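# Examining the three-dimensional arrangement
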Amino acid sequence: MTEIRQIDAPRLLLYVEFVAFFVIVPVAVAFYLPPDRLFEGLFAFMLVGLALLWATPGFRWHELTRGWRAIRWRAVAGLALATLLAGMAVMQIAAPQRMFATLLDHPQRLLAIVILYPLLSALPQEVVFRALWFRRYRDILPGGAAGMVLNAAFFSLAHLMYWSAVVTVMTFAGGLAFAWAHSVRRSFPMAWVMHSVAGLIIFTVGLGIYFYSGNAVRPF
């Protein structure tokens, strides 16, 4: 009996850690953190994720630079086109007057997003939801297609604080693509590039109104 406990204890701790980090924290943020403090909350979440990845046995940061040659640029272009068409369709239905508003009315702001978003948003998210997820918790989570769907679902859950069906659907779809790039193509750079491109298109089309913390009003 003692031997079984010694084998199972580390695995049980990983489950507890996983649930706390990927379930309890995002739900608590969505329900209890004031909208004007979302940025600080997300920043703290990313820092904890980076610390967990650093503490993962055998992990080396240079692993994140592998896979540039595995990038399938046709898939990146396909995701970009799908994001553009979907974004335009949503904006045409929900807020046609704001379609491409940032591009047309605030090009300097969009330029800042183009420069900062890949480094300050897409990169840390990919480190946490792809590198950390598939590296630290690979022994307790399913692999293959089920693993990618699960990853996309939890990536979508992490955006619950925006309380938007549009955000839920788009982050799930994007999460599937990013998980595929990381786990099937085995390319963290490809996941990061896809995330960056999709995010920049979202802000260019005007869907940034759904990803803005000022619009994160709880439905209760």
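What counts, and where the lines are drawn
- Residues numbered from 1 in each chain as written.
- Predicted model: local features only at pLDDT ≥ 70, side-chain atom pairs only at ≥ 80, totals over all residues.
- Heavy atoms only, no water.
- Axes fitted to C-alpha atoms, helices over the stretch in contact; angles between N-to-C directions.
- Helix = DSSP H or I, 4+ residues; strand = E, 2+ residues; numbered from the N terminus.
- Left-handed = near helix turned anticlockwise from the far one by under 90°.
- Contact = heavy atoms within 4.5 Å.
- Nonpolar A, V, L, I, M, F, W, Y, C, P; charged D, E, K, R; others polar.
- Expected span 1.5 Å × (residues − 1).
- Buried < 20%, exposed > 50% of the residue type's maximum accessible area, 1.4 Å probe, protein only.
- Polar contact = N/O pair within 3.5 Å; in protein donor to acceptor, adjacent residues only side chain to side chain.
- Patch = residues over 30% accessible without salt bridge, like charges linked within 9 Å, V, L, I, M, F, W, Y side chains within 5 Å.
- Areas by Shrake-Rupley, 256 points an atom, 1.4 Å probe, with all protein chains shown as cover.
- Salt bridge = Lys/Arg side-chain N within 4 Å of Asp/Glu carboxyl O.
- Phe/Tyr/Trp six-rings, centres within 6.5 Å; stacked < 30°, edge-to-face > 60°.
- UniProt positions renumbered as here; feature names shortened; annotations may be inferred.
- Core = buried A, V, L, I, M, F, W, Y, C linked by side-chain atoms within 4.5 Å.
- 1 Å grid on protein atoms, 1.4 Å probe; cavity = no way out; pocket = protein on both sides within 12 Å on 5 of 7 lines; lining within 4 Å.
- Points joined across faces, edges and corners; volume = space filled by probe spheres on them.

Looking at an unreviewed UniProt entry, one finds the protein named CPBP family intramembrane metalloprotease and attributed to Falsirhodobacter algicola.

Put simply, helix 2 (residues 38–54) and helix 5 (residues 107–136) touch, their axes get as near as 9 Å, and they point 35° apart. Regarding helix 2 and helix 5, the two cross each other, and that crossing is left-handed. Of the residues in helix 5, those touching helix 2 at Phe45, Met46, Gly49, Leu50, Leu52 and Leu53 are Pro124, Gln125, Val127, Val128, Phe129, Ala131, Leu132, Arg135 and Arg136. Residue composition of the contact of helix 2 with helix 5, grouped by class: 11 nonpolar, two polar and two charged.

With 19 residues, helix 7 (residues 165–183) extends 27 Å between its outermost C-alpha atoms, agreeing within 8% with the 27 Å of an ideal straight helix rising 1.5 Å per residue. Taken together, the buried positions of helix 7 are occupied by Val167, Met170, Thr171, Gly174, Gly175, Ala177, Phe178, Ala179, Ala181 and His182. In the core, the buried residues of helix 7 are packed alongside helix 3 (73–94), helix 5, helix 6 (144–157) and helix 8 (188–205). At the N-terminal boundary of helix 7, the capping side chain belongs to serine 164, with an oxygen 3.2 Å from the backbone nitrogen of valine 166.

Turning our eyes to something else, we now look at a nonpolar patch on the surface. The grouping of Leu111, Val114, Ile115, Leu116, Leu119 and Leu120 at the surface amounts to a nonpolar patch, some 590 Å² of accessible area in total. On the secondary structure map, leucine 116 appears in helix 5. Here leucine 116 falls in the partly exposed class, since its relative accessible area comes to 45%.

We now examine the packing of aromatic side chains. Applying the stated criterion to the full structure yields 20 aromatic pairs. Plain terms: the ring middles of phenylalanine 22 and tryptophan 133 are 5.2 Å apart, the flat faces sit at 75° to each other, and that makes the pair edge-to-face. One end of the pair, phenylalanine 22, is in helix 1 (residues 2–32); the other, tryptophan 133, is in helix 5, with 111 residues separating them in the sequence. Of the two residues, phenylalanine 22 and tryptophan 133, neither departs from the other in class, the shared state being buried. Taking 5.8 Å as the distance between ring centres and 85° as the angle between the ring planes, the aromatic pair formed by phenylalanine 22 and tyrosine 137 counts as edge-to-face.

Time to look at the UniProt feature "transmembrane region" (unreviewed entry) in the protein. Cross-referencing UniProt, the feature "transmembrane region" (unreviewed entry) maps to residues 12–32, 38–55, 76–95, 110–133, 140–157, 163–180 and 192–212 in the present numbering. Along residues 38–55 the backbone is 94% helical and 0% strand, and the end-to-end C-alpha distance reaches 26 Å.

With that settled, consider the UniProt feature "domain: CAAX prenyl protease 2/Lysostaphin resistance protein A-like" (unreviewed entry) in the protein. Here the UniProt-annotated "domain: CAAX prenyl protease 2/Lysostaphin resistance protein A-like" (unreviewed entry) positions come out as residues 109–198. The span residues 109–198 shows a helical share of 80% and a strand share of 0%, and its end C-alpha atoms are spaced 17 Å apart.

Another aspect to go through is the nonpolar core. Of all hydrophobic cores here, the largest spans 44 residues; its most connected members are Phe18, Phe22, Val128, Leu132, Tyr137, Phe178 and Met194. When residues of this core are traced back to their parent elements, those giving at least two are helix 1, helix 2, helix 3, helix 5, helix 6, helix 7 and helix 8. Residue contributions to this core peak at 10 residues, all from helix 5. With sequence-adjacent residues up to four places away left out, phenylalanine 18 is seen in contact with Val23, Trp133, Tyr137, Ile140, Leu141 and Phe154. In terms of nonpolar packing, the next biggest core, distinct from the first, is built from 17 residues, Met99, Val167, Ile201 and Phe211 among them.

Right, let's talk about the layout of surface pockets for a bit. Considered as a void within the structure, the second largest pocket measures approximately 530 Å³ in volume. Surrounding the second largest pocket, 22 residues form its lining, Phe134, Arg135, His182, Ser183 and Arg186 being those nearest its centre. Of all the secondary-structure elements, those providing two or more residues to the lining of the second largest pocket are helix 5, helix 6 and helix 7. For the lining of the second largest pocket, a count of residues per class yields 11 nonpolar, six polar and five charged.

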